[in-house]
Amino acid sequence: MSTEIEREEMEFDVLIVGGGPAGLSAAIRLRQLLPDATICLVEKGSEIGAHIVSGAVIEPRALAELLPDWRERNAPLNTPVTGEKILFLTGKRGFSIPFIDRLMPAMANHGNYVVSLGALCRWLGAQAEEMGIEIYPGFAAAEPFIENGRLCGVITGDMGVTRTGEHGPNFAPGMILRARQTILSEGARGSVSQRVMKHFDLRQGVDPQTYGLGIKEVWEIPAENHRPGFVQHSFGWPLDNGTYGGAWLYHFGENLVSYGFVTGLDYDNSWLSPFQEMQRVKTHPEFAKHLEGGRRLIYGARALSEGGLQSLPRLSFPGGVLAGDSAGFLNMPKIKGTHTAMKSGMLAAEAVAEALGSEGPDKATSYTRRFKGSWLFRELFEARNIRPAFARWGTRLGALYAGIDSVIFRGRAPWTLHMRHTDHDALKPANETKPIAYPKPDGKLTFDLNSSVFLSATNHEEDQPVHLKLRDPSLWNAVNWGLYRSPESRYCPAGVYEAVEADKEMHLRINAQNCVHCKTCDIKDPTQNIEWCVPEGGGGPNYPVGM
Amino acid sequence: MKIVVPVKRVVDYNVKPRVKADNSGVETQGVKMSMNPFDEIAVEEAVRLREKGAASEIVVVTIGVAEAQPVLRTAMAMGADRAILVQTEAALEPLAVAKLLKTIVDRENPGLVIMGKQAIDDDMNATGQILAARLDWPQGTFASAVSVENGRITVTREADGGLETVDLALPAVVTTDLRLNEPRYATMPNIMKAKKKPLETIAADTLGVDLAPRLETVTVIEPPVRKAGIKVASAAELVGKLRDEAKVI
Ligand SMILES: Cc1cc2nc3c(=O)[nH]c(=O)nc-3n(C[C@H](O)[C@H](O)[C@H](O)COP(=O)(O)OP(=O)(O)OC[C@H]3O[C@@H](n4cnc5c(N)ncnc54)[C@H](O)[C@@H]3O)c2cc1C
Ligand SMILES: Cc1cc2nc3c(=O)[nH]c(=O)nc-3n(C[C@H](O)[C@H](O)[C@H](O)COP(=O)(O)OP(=O)(O)OC[C@H]3O[C@@H](n4cnc5c(N)ncnc54)[C@H](O)[C@@H]3O)c2cc1C
Ligand code: SF4
């Protein structure tokens, strides 16, 4: 983005980037603490919830602290969990893990709800607007606005720039949104957060962040098969012992089923396709029996931060804080990040409110102290060894370790395991790993990529610069194709990347309009050559309520 | 001159519409809704006419549920001065919409009504024409260019066989086609200002219009999935298949 453009400015006390559970909770908590502050929230989706992908079984704990009267306000938590199953899958069978609720009470879902997180965010957004918070969907924070060593807000994306970078007829320059404090709550792998972490060196001395890619479908099934509140998780087949991941299936709402699959992005086999893995699990009898006779309504994908406590960066810096998945508060053994994102947003808001009230509001430093004194810290502390154990010892021993850590030590083992490498380092060259033969879609339970992406209602204004940038375009042919045979054309859940032959040479085609903003390419590209930048505001998926 | 712009809240053009499980209609619950794209073009054209000095005030009107207010706010963020919501829960057909719009036009007394040529939900392409007839005003439909001068409006129409230019006395009804203009973006300061612009709500049943539907929807179904094509080896095989399987010859 060129800086010569004359930019208008707007000024607020607090600016919040991203309208997920973290950002919206921060906004509401701030308003509760500072009735007169000006609070602005920008969201790149065309409306709040349009870019939210989650399971989601949620713990209502943080919500109850934020808005104790959530029931009277008709929060969309309508399906309590009624039954639960954890399966270890082999190709044809599934073994139920018994007494899971008694052995690992932290993982049991009694008292939790199956929700559409998109619906919950829309509801939170409505509460926040009623409280006088300025919410601007359709506006993306394109870059941090740093002045004199301090984050002073963000610059929103330019609108109406053509594909070749010229100003089109309806060009509208992005604005400088100034704030005394900025809360970055962009979710996993936030594009502004990444740059801010780098600028202020916030990750020094902590483990690298590790991610998973969750791909999800929402189905409508025949009423006679619907068991509202039934939740099922699986691990094992079809992933090999060295790859972390598993499927979920939740019955909720009116005859709806949320089905999806998470693949740990520290996988090493360049031939692996997370999309194909998620498709084929549906053919397993333990999953097929729930979906048969139904129809698929929605498709989407999103990365989640899995690193937990050891991967949390420094949380505050001059002018702002990080909250939610942008920092990495998700509890991986529980596969829950909503209540932790909300709680971190609330703690961030409390620290920011204090900083605004004091002289010279440079840093909301009390955030870390507040975090360490909260249930959120205790929860992440007890969960801290599980994900690294899987990375070290594989699925079977990892699961055994998880059992020992939880049952014997109750999460308080006197050691801490570490994630040793980044996800992109984990990928092995294509000739060192085995190609995977995936079955063809049957059009009933399993589908191809194109018809899937169609169900995400994704759209980007076509005449705009490609928002997926290769830092060094020449690297692709030598490395991505030469060494890895274009892993991006398999891990991208939206078919954005295609390796095509022209003039006897391989080229990378980037179908940027299809991008569902999952951030996987930014994470997994072996040389970190792909940079995900925000496209024109409002672009991306348009997930309906239900997602 | 005052311009009235009717705008409709429809399922967003990016959304793949889904038929309800009971085949009674298209699912709109929880689906993204926004302004009918042709109506955005109409708002844009009105704003341009005002910028050129041909108009002094722009009033946007929508007929529908309370949730349609954001569409009016968007229109005001693009430049409209004030808004009217004619509130009703009823599912309306173009005839009822045109009758309601007529009551608003009678009250507001504009020199021009600009509206979309069709709404992308029902695709009737009817409301503008019915409104013109009921007002007994001239109409310029499918406009791809307009200019206002000396109490008249020249409209270039995208007709089936090419372009047709008509010259109408004002007041008139104009409906917009895709190529008329490219609507501007609503900027943040303008969205903020739009929150403070006046929005009046009128209950539809106070306007003395018969809203009863004239049509009955029997069933709504999705178009059949197209079967994959096949390759035939010879002309004879093709003829055989057309005759025996497709039964078209
Ligand atoms: C597949 C999957 C399944 C999950 N299942 C569960 C579950 O069952 N239970 C549970 O509790 N948790 C679950 N989680 C985790 C949970 O969804 C996340 O932890 C939680 O959503 C994080 O909240 P957040 O507010 O930090 O980020 P997000 O929910 O990701 O929200 C971030 C928001 O910021 C916006 N944004 C990002 N960048 C910008 C920018 N530059 N400018 C403007 N806006 C921006 C995004 O569009 C988005 O709306 C799951 C996650 C995934 C991906
Ligand atoms: C014979 C025929 C052939 C057609 N062929 C094609 C074709 O080939 N391709 C194609 O794309 N379409 C075609 N159409 C268009 C199509 O039928 C549209 O179905 C229809 O225009 C949508 O209808 P509507 O009921 O919303 O009202 P419309 O009459 O279409 O609405 C027109 C305008 O009225 C205003 N308006 C309507 N409702 C409200 C409201 N509640 N509040 C405020 N303002 C409102 C808006 O300004 C709107 O843009 C055809 C139509 C006909 C009749
Ligand atoms: S291009 Fe990148 S961010 Fe977009 S869908 Fe593909 S992997 Fe995800």
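By the naming in an unreviewed UniProt entry, chain A is Electron transfer flavoprotein-ubiquinone oxidoreductase, taken from Swaminathania salitolerans. Quoted straight from UniProt, the Catalytic activity (unreviewed entry) entry for chain A says "a ubiquinone + reduced [electron-transfer flavoprotein] = a ubiquinol + oxidized [electron-transfer flavoprotein] + H(+)". Quoted straight from UniProt, the Function (unreviewed entry) entry for chain A says "Accepts electrons from ETF and reduces ubiquinone."

Engineer: So what exactly am I meant to see when it comes to the pattern of salt bridges here?
Structural biologist: Oppositely charged side chains can form a pair if their charged atoms are brought close together. Residue and element names in this part refer to chain B. Summed over the entire model, instances satisfying the criterion amount to 46 salt bridges over all chains. A salt bridge links R48 to E44, with the nearest nitrogen and oxygen atoms 2.7 Å apart. Here the residue R48 and the residue E44 both occupy positions in helix α1 (residues 37-51), the gap between them amounting to four residues, near one helical turn. Residue R152 pairs with D167 through a salt bridge whose shortest N-O separation is 2.9 Å. Of this pair, R152 sits in strand β8 (residues 152-159) while D167 sits in strand β9 (residues 162-169), placing them 15 residues apart in sequence. Of the residues examined, D167 reaches a relative accessible area of 45% and is grouped as partly exposed.

Engineer: I would appreciate a short explanation of the side chain of D525 of chain A in the present structure.
Structural biologist: Residues and elements named next belong to chain A. The residue D525 is located in the loop between α16 (520-524) and β24 (530-532) in this model. Put simply, D525 is tucked away with no salt bridge, and the nearest opposite charge, on R471, sits 6.8 Å away. Looking at D525, its side chain comes within polar contact range of the side chain of N480, at 2.7 Å. There is a polar contact of 2.6 Å between the side chain of D525 and the backbone nitrogen of N529. Beyond its immediate stretch of four places on either side in the chain, D525 contacts H424, N480, E488, Y491, T520 and I530.

Engineer: I keep staring at the packing of aromatic side chains and nothing clicks. Help me out?
Structural biologist: The geometry of an aromatic ring pair comes down to the distance between the two centres and the angle between the two planes. Residue and element names in this part refer to chain A. Summed over the entire model, instances satisfying the criterion amount to 14 aromatic pairs over all chains. Aromatic ring contacts, followed pair by pair, group F329, F371, F377 and F381 into a single cluster. A cation sits over an aromatic face here: K519 above W532, 4.4 Å from the ring centre. One residue, K524, lies across the ring of Y267, its end atom 4.3 Å from the ring centre.

Engineer: Can you walk me through the interface of chain B and chain A in this structure?
Structural biologist: In this assembly, 23 residues from chain B lie in contact with 31 residues from chain A. Summing both partners gives a buried area of about 2100 Å² for chain B against chain A, and 63% of it is carried by carbon and sulfur. The largest per-residue losses of area from chain B upon contact with chain A belong to K32, Y185 and M188 of chain B, which jointly make up 35% of the total buried on that side. Summed over the shared surface of chain B and chain A, the number is two salt bridges. Ionic pairing is found between R295 of chain A and E222 of chain B, a salt bridge with its closest N-O pair at 3.7 Å. At the junction of chain B with chain A, the criterion picks out eight residue pairs in polar contact (both at pLDDT 80 or more). In the side of chain B that touches chain A, the residues fall into 12 nonpolar, three polar and eight charged.

Engineer: Whenever I open this one, the site of ligand 3 confuses me. Can you help?
Structural biologist: As a matter of local geometry, ligand 3 sits amid 13 residues, with C492, C515, C518, K519 and C521 of chain A nearest to it. Taken together, the residues of the shell around ligand 3 break down into 11 nonpolar, one polar and one charged.

Engineer: How should I be thinking about helix α5 (residues 191-199) of chain A in this particular structure?
Structural biologist: For an α-helix, 3.6 residues make a turn, and residues three or four places apart therefore share a direction. All names here are of chain A. Along α5, the residues that are buried comprise S191, V192, S193, V196 and M197. Looking at the buried side of α5, the elements it contacts are β9 (141-147), β10 (150-156), β13 (176-184), β19 (316-317), β20 (320-322) and β24. One or two steps after α5, the chain reaches D201, where phi turns positive at roughly 55 degrees.

What counts as what
Residues numbered from 1 in each chain as written. Chains lettered and ligands numbered in written order. Predicted model: local features only at pLDDT ≥ 70, side-chain atom pairs only at ≥ 80, totals over all residues. Heavy atoms only, no water. UniProt positions renumbered as here; feature names shortened; annotations may be inferred. Salt bridge = Lys/Arg side-chain N within 4 Å of Asp/Glu carboxyl O. Helix = DSSP H or I, 4+ residues; strand = E, 2+ residues; numbered from the N terminus. Buried < 20%, exposed > 50% of the residue type's maximum accessible area, 1.4 Å probe, protein only. Lys, Arg positive; Asp, Glu negative; His and termini not counted. Polar contact = N/O pair within 3.5 Å; in protein donor to acceptor, adjacent residues only side chain to side chain. Contact = heavy atoms within 4.5 Å. Phe/Tyr/Trp six-rings, centres within 6.5 Å; stacked < 30°, edge-to-face > 60°. Lys NZ or Arg CZ within 6 Å of the ring centre and 35° of its normal. Buried area = accessible area lost by both parts, 1.4 Å probe. Nonpolar A, V, L, I, M, F, W, Y, C, P; charged D, E, K, R; others polar. Near = heavy atom within 4 Å.

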